[in-house]
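Okay, here's what each chain looks like letter by letter:
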Amino acid sequence: MKYYSTNHKAPEATLREAVVKGLAQDKGLYMPEKINRLPKDFFDHIGEKSLTEIAQTVAQAFFGEDIPKEKLDAIVADTLNFEIPLHKVEEDVYVLELFHGPTFAFKDVGARFMARMLSYFVKEQGQSDVKVLVATSGDTGSAVANGFLGVEGIRVFVLYPSGKVSDIQEAQFTTLGQNIVALEIDGTFDDCQALVKAAFMDDELNRKLNLTSANSINVARFLPQSFYYFHAFAQLAAQNSADNVVISVPSGNLGNLTAGLFAKRMGLPVNRFVAANNRNDVFFRYLETGLYQPKPSVQTIANAMDVGAPSNFDRILDLYHAEHASIANDISGNTYNDDEIRKTIRETYEQTGYLLDPHGACAYKALKERKNDDEKGIFLATAHPAKFKEVVESCIGKTIEIPERLSEFMRQPKQSIFLPNDFDRLKNMLLEFS
Ligand SMILES: *Cc1c(COP(=O)(O)O)cnc(C)c1O
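All values reported here derive from a predicted model rather than from experimental measurement.

Basis of the calculations
Residues numbered from 1 in each chain as written. Predicted model: local features only at pLDDT ≥ 70, side-chain atom pairs only at ≥ 80, totals over all residues. Heavy atoms only, no water. Helix = DSSP H or I, 4+ residues; strand = E, 2+ residues; numbered from the N terminus. Rg over C-alpha atoms; globule rule 2.2 N^0.38 Å. Buried < 20%, exposed > 50% of the residue type's maximum accessible area, 1.4 Å probe, protein only. Contact = heavy atoms within 4.5 Å. Areas by Shrake-Rupley, 256 points an atom, 1.4 Å probe, with all protein chains shown as cover. Lys, Arg positive; Asp, Glu negative; His and termini not counted. Charge placed at Lys NZ, Arg CZ, Asp CG, Glu CD. Near = heavy atom within 4 Å. Polar contact = N/O pair within 3.5 Å; in protein donor to acceptor, adjacent residues only side chain to side chain. Nonpolar A, V, L, I, M, F, W, Y, C, P; charged D, E, K, R; others polar. Phe/Tyr/Trp six-rings, centres within 6.5 Å; stacked < 30°, edge-to-face > 60°. Lys NZ or Arg CZ within 6 Å of the ring centre and 35° of its normal. Pairing = 2+ DSSP bridges. Axes fitted to C-alpha atoms, helices over the stretch in contact; angles between N-to-C directions. Domains from an automatic or database assignment. Buried area = accessible area lost by both parts, 1.4 Å probe. Salt bridge = Lys/Arg side-chain N within 4 Å of Asp/Glu carboxyl O. Core = buried A, V, L, I, M, F, W, Y, C linked by side-chain atoms within 4.5 Å.

Chemist: What am I meant to see in the overall build of the chain here?
Modeler: The number of helices and strands found in the chain is 20 helices and 13 strands. Taken over C-alpha atoms, the radius of gyration comes to 20 Å for the chain, in line with the 22 Å a tight globule of 434 residues would show. Seen along its three principal axes, the alpha-carbon backbone of the chain occupies a region of about 60 × 50 × 40 Å. Per-residue burial over the chain gives 59% buried out of 434 residues. Considering only intrachain contacts with a sequence separation of at least 6, the fraction spanning at least 24 residues in the chain is 74%. Accessible area of the chain: about 17100 Å², with a carbon and sulfur share of 45%. Here the chain contributes 46 positive and 58 negative side-chain charges, whose respective centroids are spaced 2 Å apart.

Shown next, in the form of structure tokens:
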């Protein structure tokens, strides 16, 4: 399968080129040249299928031309070594819990898949060593570092702002060692992002190293996120309640939502989607007005969605030929401030016993406000509430337990390299690894 750039000024790429480059030369995002529809038979029997079986079928539709079936099946099975359960929260409202992976956040799915696909390119297709560079405000770094841990031929550099990520998050990517290098930058998250961008632009670095990105601009990280939309539907189908389905997605860079839109294009019978924003409401404003006006991000308690210029917006435009009316027909949105998020966590816990994290809380509230009475609603819970322990505890007035696997990270010694916010210093350090 070929991949084209959303800016249409770069040559088409193979899957491997798209994954190793991350972004196209013209700064566009790669899109698969076609989105294959899955056969009716697959949907007729979806309720009987496991997560792995479903994901293998979906993966085949995207990557089957480029990777032999038994290899691809193994990559998928190895990626999904945890459950993605659907629970009923109240009448006609279900939660898809995406946080049972190694770092307790949904990004584990894409990060693990991408690591295994890159490893296949290195081991079996003669791809030379790859360096993954990622700037993080918390969750991306932990998912990517853990997803790539111990994968041969790939070294990961996680740049994070010193003193600005939570202790749990920091422990998840600074205690690993092996092929994971944590770079503690004396600056803000924006500084880290600017350093990563400068590295991707630097000729010498690009000549000497294969540098790629592991955020959701990378097709190998973003496309696998469509797997679990089918699995959510399958779990409803198994209970004979998969009709009139609407799915609510807590949205930042819009990678997760876009993967859901791909699933719909592949034939998944979902009526429509709801995109939930925190106070960073650029996408909500676009849905309401048709005007896209990126702006600087503001800090909220749902910080993985603090995005002022969502990177996957261009993929959504491309998917709908930039027709605002069709986009607004398939997606509605909402936006919530921190007080509303806190209130939602508290009230939902009191009324249903279900404990939301701040991101899932946005999705739950948006679903409740947007869902029609005759619709079945699913919202995505993207992080375990214990990752936001202080916020969640202050909402419900109770202490919550940190899962053993999460607190285990905290007991390991921290290993990180402290760097000033200085591109030349970063560059020299990266070159030492060439
Ligand atoms: C990354 C993240 C999001 C936002 O996902 P996008 O694909 O960037 O829209 C939402 N919730 C959590 C917990 C995240 O880590």
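We are not done yet, so read on.
Chemist: Just to check I follow, could you spell out unusual backbone geometry for this structure?
Modeler: Generally, phi is negative for residues other than glycine and the peptide bonds are trans, each holding for most cases. One non-glycine residue with positive phi stands out, namely Lys27, at about 70 degrees. Of the residues examined, Lys27 reaches a relative accessible area of 45% and is grouped as partly exposed. One non-glycine residue with positive phi stands out, namely Phe104, at about 65 degrees. Relative to the helices and strands, Phe104 is located in the loop between strand 4 (93–97) and helix 5 (107–124).

Chemist: I'm lost on the site of the ligand in this one. Help?
Modeler: Around the ligand, a shell composed of 15 residues is seen, among which Lys107, Gly252, Asn253, Leu254 and Thr382 lie nearest. Here an oxygen atom of the ligand sits 2.8 Å away from a polar atom, N or O, in the main chain of Leu254. With respect to the ligand, the backbone of Asn256 contributes an N or O atom lying 2.9 Å from an oxygen atom. Summarising the interface, the protein chains cover 98% of the accessible area of the ligand, which totals 380 Å² for the free molecule. When the residues that make up the shell around the ligand are grouped by side-chain class, the tally is six nonpolar, seven polar and two charged.

Chemist: I would appreciate a short explanation of the packing of aromatic side chains in the present structure.
Modeler: Pairs of aromatic rings are described using the distance from one ring centre to the other and the angle between the two planes. In this structure the tally under the stated criterion is 18 aromatic pairs. Taken together, a centroid distance of 5.9 Å and an interplanar angle of 55 degrees make the contact between Tyr120 and Phe121 tilted. Phe121 matches Tyr120 in its accessibility class, with the two residues each being buried. One aromatic cluster in this structure is built from Phe62, Phe63, Phe113, Phe222, Phe227 and Phe262. Positioned above the aromatic ring of Tyr320, the side-chain terminus of Arg265 is 5.0 Å from the ring centre.

Chemist: Would you mind going over the sheet that holds strand 13 (residues 417–420) with me for this structure?
Modeler: In sheet architecture, strand pairing relies on hydrogen bonds along the backbone and comes in two forms, parallel and antiparallel. Ordered in space as 8-5-6-7-13, the five strands form an open sheet in which the pairing is parallel. Strands at the two margins of the open sheet, each flanked by one partner only, are strand 8 (210–213) and strand 13. When strand polarity is set aside, the average angle formed by the axes of neighbouring strands in this sheet is 30 degrees. Direction of pairing for strand 7 (residues 180–186) relative to strand 13: parallel, over a ladder of four bridges. Note that in strand 13 the partner of Asp186 across the bridge is Pro420. Sheet strands in contact with helix 6 (residues 139–148) are strand 5 (130–135), strand 6 (154–161) and strand 7, and its direction is about 160 degrees off that of strand 6.

Chemist: Explanation requested: the domain arrangement of the chain in the structure shown.
Modeler: Accessible area lost upon the coming together of the parts is a frequently used measure of interface size. Partitioning the chain into structural domains gives domain 1 (83–104 + 222–396) and domain 2 (108–219 + 411–431). Each of domain 1 and domain 2 has a C-alpha centre, and the two are 27 Å apart. Between domain 1 and domain 2 the total buried area reaches about 1500 Å² when both faces are included, carbon and sulfur atoms providing 54% of it. Remark: the boundary between domain 1 and domain 2 carries one salt bridge. In this structure, Lys387 engages Asp139 in a salt bridge whose closest nitrogen and oxygen atoms are separated by 3.0 Å. The interface formed by domain 1 and domain 2 holds ten residue pairs in polar contact (both at pLDDT 80 or more) in total.

Chemist: I keep staring at the pattern of salt bridges and nothing clicks. Help me out?
Modeler: Think of it this way: side chains of opposite charge can pair up when their charged atoms draw near. For the structure shown, the criterion picks out 24 salt bridges. Two residues, Glu170 and Lys414, come together in a salt bridge whose shortest N-O distance is 2.9 Å. With Glu170 in helix 7 (residues 167–174) and Lys414 in the loop between helix 19 (404–410) and strand 13, this pair connects stretches of sequence that are 244 residues apart. For Glu170, a relative accessible area of 14% corresponds to the buried category. For Lys414, a relative accessible area of 46% corresponds to the partly exposed category. The residue Glu369 makes a salt bridge to Lys365 at a minimum N-O spacing of 3.1 Å. Of this pair, Glu369 and Lys365 both sit in helix 17 (residues 358–370), four residues apart, which is roughly one turn of the helix. Judged by relative accessible area, which is 43%, Glu369 ranks as partly exposed. Given a relative accessible area of 25%, Lys365 falls into the partly exposed group. Within the structure, one salt-bridge network assembled from shared partners comprises Asp202, Glu204, Lys208 and Lys427.

Chemist: How should the nonpolar core be read in this particular structure?
Modeler: Counting residues in each nonpolar core, the largest one holds 136 residues, and the members touching the most others are Phe63, Leu118, Phe148, Tyr229, Phe230, Phe283 and Ile378. Here the element with the most residues in this core is helix 5; it accounts for nine residues. Taken together, domain 1 (83–104 + 222–396) and domain 2 (108–219 + 411–431) each give at least three residues to this core, which thus spans both. Apart from residues no more than four positions distant in its own chain, Phe283 is found in contact with Leu254, Leu257, Ala275, Asn277, Phe313, Ile316 and Ile331. Counting 19 residues, the second largest nonpolar core, distinct from the first, contains Leu159, Cys192, Leu209 and Leu419.

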